[in-house]
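Next come the chains, spelled out residue by residue.
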Amino acid sequence: MSHFDGLKQKWEKFVHFLKEKRIIRTARITYNVTWNMFLIFTVLFILGGVFAAGVGAGFFASLVKDEPVRAYSSMKEDIYNYEETSTVFFDNNQYMGKLQSDLDRQEVKLKDVSPYVIKAVISTEDQYFYEHDGVVPKAIFRAMYEEFSGAPIVTGGSTLTQQLIKNQILTNEVSFDRKAKEILLAMRLEKVLKKDDILEAYLNIVPYGRNSSGRNVAGIQAASEGIFGVPASKLNLAQSAYLAGLPKNPFVYTPFSKGGEQKEDMSAGIKRMKTVLSRMLSAGSITQAEYDEAMNYDIQKNLTKKQQSSFEKYPALTVEVQQRTIEILTKIQAEKDGKKFKDLTPEELKEYEDNARVQVRQKGIKIHTTINQKIYDEMQAVIANGNLFGPANEFVGNKKLEKPEPEEVGATLIDNKTGKIISFVAGRDFNREQTNHATVMKRQNGSTMKPLLAYSLALETGKVQPGSIVPDTPIQFGDHSVGNWDGKYDGLVSVRHSLKWSRNTPAIRSYMRVNTDEALDRLARMGVTSLSPRDRGAPGLAIGGMTNGVTVEENTNAFATFANGGNFLDAYMIEKIESNDGDLIYQHKSEPVQVYSPQTSYLLVDMMRDVVNGGTGNHINRYLAFNSDWAGKSGTTNDDYDSWFVGSNPNVSLGVWLGYDTPDSLVKGDGGTGKRNQRIWALLANAAYKHSPQLMDPEQRFAMPSGIVRREICGISGKLPSDLCRSAGLVTTDLFNAKFTPKEVDDTLTKGRYVLVGDAKYKALPSTPQEFTKDGVLIKEEFLKELGLEALNKLTKTTNLLDNIVPEKELKENGKVPSPVAGTKMSDGVLSWSSHGESDVIGYRIYHSADGSSFKKIGSVTADKTSAKVPNGVVYVTAVDIAGKESPAQTKVQVGEKKPAEPATPPPPTGGDKPGEPQDPPPPPAEPGNGDPPPATTQDKKKDKKTSN
């Protein structure tokens, strides 16, 4: 028997035993019952699970029932619609900074982010990022358990995808409703975007606390530059780990305070960095060696230094760029909608401006300006010198100001040929009141208006030319009299002279010769847009008397028109605007407007050269560090409230204003406000020259266009010279527009006699004694009347053209015989007498008698002389008026020893010599003691004889 057979017998015996004892039957019943119970409970469990799942699904559905089914394109747009700070550049693409915004963010592509950042973020925030489909169920259940159990630490269950949904599409609200929507949208987003796209978007939206300027930052690029001063691509492992840890609690872990100062205690942020490094090591993202090196890295020592924001460093420029950009974007959007900017209602304008403001603050556009950084910085340095300015003003009249106001300044430098604003000065301290004195503030422009309005259209239409004669005498408009700033008048003067010395009345007279409405329209075409209806027809506008005033930019821009041959180019500061992706949104296009002819422009430029070279603008040459072909105009308003100087060379125009914010008189100082203003102007020009000499000092001069000729003219009338004009030395030369050269020969002069009373010349009457007259050249009265003149003072300050011509009018005769001469006396052989008090007296006659019995005229002197040497004897003096009437003799004076009387001679006629009658030439006054004694007159014999020594 085999071993197998033996085992079989034993098994059969064992089974027989179980059957006898009914054990198998009992076991079978137990098994059946147990299996059936298991099946029942399993079914019940499955049914319960299905029920619970149904309830859960129903609950989930109820939570998301209001969530619309979002289109994929809409979700993508929302995800990438994150706020990004706009960037500003100087000219030549030089970085300036970022515009003001609540958040500093700068978009970056994932390929431009350090790999360490990516590893740190995934290891810390979502280690299954590349495996899940938007959610991690285990993490969700864990978060739910922690929430329901009231665990002290809630770890959260959000993937990077969920966090992106929460930040860009939903809100930060803590609720099941929001969480359910987040899960649903996260799974949907995973079907829309690739993993790297999701990670890139996350890195661009996550907050990172504050940067070294104290501003809130979001996005890895802005955080990297603002915290470590390097781009995101250059971050090392330790820096990456530090930044990856910040989003957990940005304002606890951030290394900078609100003011941009480094925190003294950075331990919380450092501890968080070490946690991130530890997770990276555990995940196998880094080696032990890399971990050890990063743990020893000194984060605090490698933080970037405190930096000024663009607003802190360039406050005025930042605000100006932002405002101009908003205006440009407003116009662009309105035009896209088929609307004209000027026709927008206030409500429409506000809506467009609000949208443009959002675009500027949140869309990360790139704004390229025309501003030259070096010139701009150098100009601000000039203005920082307080010694250039007068004292602060505490009172305006008798009213005390709330705060003392400093003397302020505004300046603009413009490229003539393009209209680019190269630089400007907004004021001495923009933060004091945030007023831009160059581009916003409007003030009356004083005499700088004269080239722009008084003479421009008059030259264009031939009403005047530089050599034209326009009277400089007071003007009366109703009850209002207009005069010159110095209270003096130059009489018949040329337009060139008037502009050179800033005479007011010739400017107004020239302006009133043209159609003033046309002149104002042309002024508006040169960019002066702030005219009031009250200004139309007002003569004072020609000399800067405006209702609203102009900005420094407007004034300078208008002057650039003449430097550019009469073409106006609207000044601009924004060269182009690009989207954050580099797409062109706006590109400036210059549109020149021909306002005046090249000939008119050149004549104005040439006259303004004289202003700089010897006229009211001569101070700039004392301070300029270089020589250039400058033409300019000074300007001052009433009571020295404003001081201006605008100058142009072939390349640029520079305008400077000086004054107080609350208009009040400036302190004149040495040389007046004009000298101080022109010094500042020259120093600003020097600042620009330092960094751009070719711009500020071009080799070429202003080019004379065709159609300009030089002609001889008679300086008294501006007509072609006559022979009489030449003989009187009145010929001058000047430039003309060839269309308006003089055609008539001067006929304003004639020959005649005149008298000299002091410094004044008067036309002689027919009865005026010839002994007191001179032959000369006379101005015809009708010519003076045509000019509206009653008097003529001077022709010009620089030449003596009136030396040989007649006075302005006849000396009025008072109709009576002059009274006797008083105060006669002798001293050291010189006879003297008191000046006659009557205004029509033109001279004196001196009579002599050897013995006092017979007198004879021995000499005549003009009215400006009151003494003469006389011979021994008896002498007396008579006064003669313009009509030839002679005063009676009164006081006789004995000179030397008295001699016997001689036969009487007839007294001299009281009417004086007849005009044109031959006269014996008067002998020279005799020395005392010499000559025969004068004869006595019959008249003298009837009186007591008295002598005086």
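Residues numbered from 1 in each chain as written. Predicted model: local features only at pLDDT ≥ 70, side-chain atom pairs only at ≥ 80, totals over all residues. Heavy atoms only, no water.

Peer 1: What exactly am I supposed to notice about the layout of surface pockets here?
Peer 2: Empty space among the atoms can be located by rolling a probe the size of a water molecule over them. The computed volume of the second largest pocket comes to approximately 1,200 Å³. Residue lining of the second largest pocket: 32 residues in total, with Arg324, Glu327, Lys331, Asp570 and Ala571 positioned closest to the centre. Looking at the lining of the second largest pocket, the elements that each hand over two or more residues are α15 (315-336), α24 (552-563) and β17 (584-587). Per-element tally for the lining of the second largest pocket: the top contributor is α15, with eight residues. Here the residues of the lining of the second largest pocket are counted per class, giving twelve nonpolar, nine polar and eleven charged. (1 Å grid on protein atoms, 1.4 Å probe; cavity = no way out; pocket = protein on both sides within 12 Å on 5 of 7 lines; lining within 4 Å. Points joined across faces, edges and corners; volume = space filled by probe spheres on them. Helix = DSSP H or I, 4+ residues; strand = E, 2+ residues; numbered from the N terminus. Nonpolar A, V, L, I, M, F, W, Y, C, P; charged D, E, K, R; others polar.)

Peer 1: How should I be thinking about the pattern of salt bridges in this particular structure?
Peer 2: When their charged atoms lie close together, side chains carrying opposite charge are able to pair. By the definition in use, this model includes 41 salt bridges. Of the charged contacts, one joins Arg503 and Asp490 as a salt bridge, the two residues approaching to 3.7 Å between their closest N and O atoms. Residue Arg503 is located in the loop between α21 (495-500) and α22 (504-511), and its partner Asp490 is located in the loop between β13 (480-482) and β14 (491-494); the two are separated by 13 residues in the primary sequence. The burial state of Arg503 is the same as that of Asp490; both residues are buried. It is possible to trace a salt-bridge network through shared partners that takes in Arg496, Asp606, Arg609, Asp610, Asp629, Arg701 and Asp734. (Salt bridge = Lys/Arg side-chain N within 4 Å of Asp/Glu carboxyl O. Buried < 20%, exposed > 50% of the residue type's maximum accessible area, 1.4 Å probe, protein only.)

Peer 1: I keep staring at the state of the cysteines and nothing clicks. Help me out?
Peer 2: Defined simply, a disulfide is a covalent bond joining two cysteines at their sulfur atoms. All chains considered together, the criterion is met by one disulfide. Shown here is the disulfide that connects Cys714 with Cys725, its sulfur atoms set 2.3 Å apart. Here the disulfide of Cys714 and Cys725 is right-handed, its torsion about the S-S bond being about 110°. Of this pair, Cys714 sits in strand β22 (residues 708-714) while Cys725 sits in helix α29 (residues 723-727), placing them eleven residues apart in sequence. No difference in accessibility class separates Cys714 from Cys725, as the two residues are buried. (Disulfide = S-S within 2.5 Å.)

Peer 1: Is there a simple way to explain the environment of Asp486 in this structure?
Peer 2: If you trace the backbone, Asp486 turns up in the loop between β13 and β14. Taking relative accessible area as the criterion, Asp486 reaches 24% and is therefore assigned partly exposed. For the pair Asp486 and Arg503, spaced 17 residues apart in sequence, the C-alpha to C-alpha distance is 9.1 Å. Separated by 3.0 Å, the side chain of Asp486 and the backbone nitrogen of Lys488 make a polar contact. (Polar contact = N/O pair within 3.5 Å; in protein donor to acceptor, adjacent residues only side chain to side chain.)

Peer 1: Any chance you could explain the sheet that holds strand β6 (residues 366-369) here in plain terms?
Peer 2: Each strand in a sheet pairs with another by means of backbone hydrogen bonds, the pair being arranged parallel or else antiparallel. In spatial order, the strands read β2-β1-β6-β16-β17; together these five strands make up an open sheet with mixed pairing. In this open sheet, the two strands that pair with only one neighbour each are β2 (95-98) and β17. Strand after strand, the sheet turns through a mean of 15° between neighbouring axes, direction not considered. As paired elements, β6 and strand β16 (residues 574-578) share four bridges and run antiparallel to each other. The partner of Lys366 across the bridge, within β16, is Glu578. (Pairing = 2+ DSSP bridges. Axes fitted to C-alpha atoms, helices over the stretch in contact; angles between N-to-C directions.)

Peer 1: Where do I start with the sheet that holds strand β31 (residues 856-862) in this structure?
Peer 2: On the basis of which strands lie adjacent, the open sheet formed by four strands has the order β31-β30-β33-β34 and antiparallel pairing. Two strands in the sheet have a free side with no partner beyond their single neighbour: β31 and β34 (893-895). Taken over all neighbouring pairs, the strand axes of this sheet differ in orientation by 30° on average, direction set aside.

Peer 1: Sorry if this is basic, but what is going on with empty space enclosed by the protein here?
Peer 2: Per the counting criterion, the structure on display carries one cavity of 30 Å³ or more. Quantified by volume, the largest cavity comes out at close to 30 Å³. In this structure, the largest cavity is lined by Ile414, Asp415, Asn416, Gly419, Asn557, Ala560, Thr561, Asn564, Asn567, Phe568 and Leu569. Those elements that provide at least two residues to the lining of the largest cavity are β9 (408-415), α24 and β15 (567-568). Sorting elements by how many residues they give to the lining of the largest cavity places α24 first, with three residues. Its residues assigned to classes, the lining of the largest cavity shows four nonpolar, six polar and one charged.

Peer 1: Looking at this structure, how should I read the packing of aromatic side chains?
Peer 2: The description of an aromatic ring pair rests on the distance of the ring centres and on the angle between the ring planes. In the structure shown here, the tally under the stated rule is 14 aromatic pairs. Relative to Tyr314, the ring of Phe90 lies with its centre 5.3 Å away and its plane at 80°, an arrangement referred to as edge-to-face. Placement of Phe90 in the loop between β1 (87-89) and β2 and of Tyr314 in the loop between α14 (310-313) and α15 is noted, with a sequence separation of 224 residues between them. The exposure class assigned to Phe90 is buried, which follows from its relative accessible area of 1%. For Tyr314, a relative accessible area of 4% puts it in the buried group. Ring geometry for Phe228 and Tyr242: centres 6.1 Å apart, planes at 80°, overall edge-to-face. Remark: Tyr242 occurs in helix α10 (residues 237-245) and Phe228 occurs in helix α9 (residues 220-228); sequence separation between them is 14 residues. Over the ring of Phe129 we find Lys195, and its NZ or CZ is 4.7 Å from the ring centre. The lysine or arginine in question, Lys331, covers the ring of Phe341, its NZ or CZ lying 5.0 Å from the ring centre. (Phe/Tyr/Trp six-rings, centres within 6.5 Å; stacked < 30°, edge-to-face > 60°. Lys NZ or Arg CZ within 6 Å of the ring centre and 35° of its normal.)

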